[in-house]
Number of protein chains: 2
Amino acid sequence: MPHNHDSLLNSVRSQLPKEEFLADLSDLFKLFGDNTRLRILYSLFESELCVCAIAELLGMTQSAISHQLKVLKAGNLVGNRREGKTIYYFLADDHVRTIIGQGSEHLMEETR
Amino acid sequence: MPHNHDSLLNSVRSQLPKEEFLADLSDLFKLFGDNTRLRILYSLFESELCVCAIAELLGMTQSAISHQLKVLKAGNLVGNRREGKTIYYFLADDHVRTIIGQGSEHLMEETR
DNA sequence: CTTTCATATGAATTGACGCTCATATGATTG
DNA sequence: CAATCATATGAGCGTCAATTCATATGAAAG
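As the structure is a prediction and not an experimental result, all values here were calculated from the model.

Asker: Is there a simple way to think about the pairing of strand 2 (residues 78-83) of chain B in this case?
Answerer: Looking down a regular strand, the side chains alternate between one sheet face and the other. Residues and elements named next belong to chain B. Here strand 2 pairs with strand 3 (residues 86-91) via six bridges, running antiparallel. Of the residues in strand 3, the one forming a bridge with Gly79 is Phe90. Taking the residues between adjacent antiparallel strands as the criterion, strand 2 and strand 3 are bridged by two residues, where Gly84 takes a positive phi near 65°.

Printed below as a string of structure tokens:
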């Protein structure tokens, strides 16, 4: 180490969130960190959609979409409702739009 | 498919961002979707830190931290400056704080 | 110029994860 | 109740990425 920075380190250390929170937070961002899941979320921006519609829209297997929807639902990013045989998924939260929006802004400014 | 939703699908499809943008965006969120990187970013909230300080703070190898800092720098989330032998890293952008903040808020409301 | 300190880097390993394929569940229809 | 449609799920496979270990770079000090 260059100098003795123990007091600074202790100060920084005291500001670090608890490990459990960090784990939850990185798990949340992992959900956005996948191309397919991001496309699913974007698909739901405008309106709710059934599984097969998303699959067709994204040109992917119903199974693949279903697996990812399960992950997204476990992370409380989407909800669903049943209507007969079909199940409609929708964005669970306005934070989804906000988080994606902030990420987009960062990209814009990067390219600037 | 339950009904004929072609017009809806076309509408949604036209709103989907380009594939390149989606790839960049998911790559960005991937950076936040790792416990170690998130802890590094949080460490830099208060002040810039040298590599060895971060390593000590997080109880990890200098090599592991250095690898992750390289990833974070490639993603324009951190910058660095040299001062003699030591290299100080700092947050590159206020969006880092904002994005993390939005993620945190989502978690809070979830637990509510 | 040699040594030392701070950091970077490359190769290898190990674990996580996204997709596929086959099959199961669950609701409607006849 | 059998058949069909929409969705869910489990196992298996291939890929990617986070860490480790060994080593390289690069600056300062003697």
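Asker: So what exactly am I meant to see when it comes to the sheet that holds strand 2 of chain B here?
Answerer: Sheet strands pair by backbone hydrogen bonding; their relative direction is either parallel or antiparallel. Residue and element names in this part refer to chain B. The strand order 1-3-2 describes an open sheet built from three strands, whose pairing is antiparallel. Edge positions in the sheet fall to strand 1 (49-50) and strand 2, since each of these pairs with one other strand and no more. Along the sheet, helix 5 (residues 62-74) contacts strand 2 and strand 3; its crossing angle with strand 2, the most-contacted strand, is approximately 120°.

Asker: Mind showing me how you'd approach the relation of the copies chain B and chain A here?
Answerer: With an RMSD of 0.1 Å, chain B superimposes on chain A once it is rotated by 180° and translated 0.0 Å along the axis. Both copies of the chain, as the preceding transformation shows, are related through a two-fold rotation axis. Most of the interface of chain B is mirrored in chain A, where 100% of its interface residues are also at the interface.

Asker: Where do I start with the packing of helix 3 (residues 35-43) of chain A against helix 5 (residues 62-74) of chain A in this structure?
Answerer: Helix-helix packing is characterised by the crossing angle of the two axes and by the distance between the axes. All names here are of chain A. For the pair helix 3 and helix 5, interaxial distance at closest approach is 10 Å and the crossing angle is 80°. As the angle between them shows, helix 3 and helix 5 are arranged roughly perpendicular. Together, Thr36, Arg37, Ile40 and Leu41 of helix 3 and Ile65, Gln68, Leu69, Val71 and Leu72 of helix 5 make up the contact between the two elements. Tallied by class, the residues present in the contact of helix 3 with helix 5 amount to six nonpolar, two polar and one charged.

The rules we used
Residues numbered from 1 in each chain as written. Chains lettered and ligands numbered in written order. Predicted model: local features only at pLDDT ≥ 70, side-chain atom pairs only at ≥ 80, totals over all residues. Heavy atoms only, no water. Pairing = 2+ DSSP bridges. Helix = DSSP H or I, 4+ residues; strand = E, 2+ residues; numbered from the N terminus. Contact = heavy atoms within 4.5 Å. Axes fitted to C-alpha atoms, helices over the stretch in contact; angles between N-to-C directions. Least-squares fit on C-alpha atoms with pLDDT ≥ 70 in both. Parallel < 35°, antiparallel > 145°, perpendicular 65-115°, else oblique. Nonpolar A, V, L, I, M, F, W, Y, C, P; charged D, E, K, R; others polar.

Coordinates in, geometry out; function isn't part of it.
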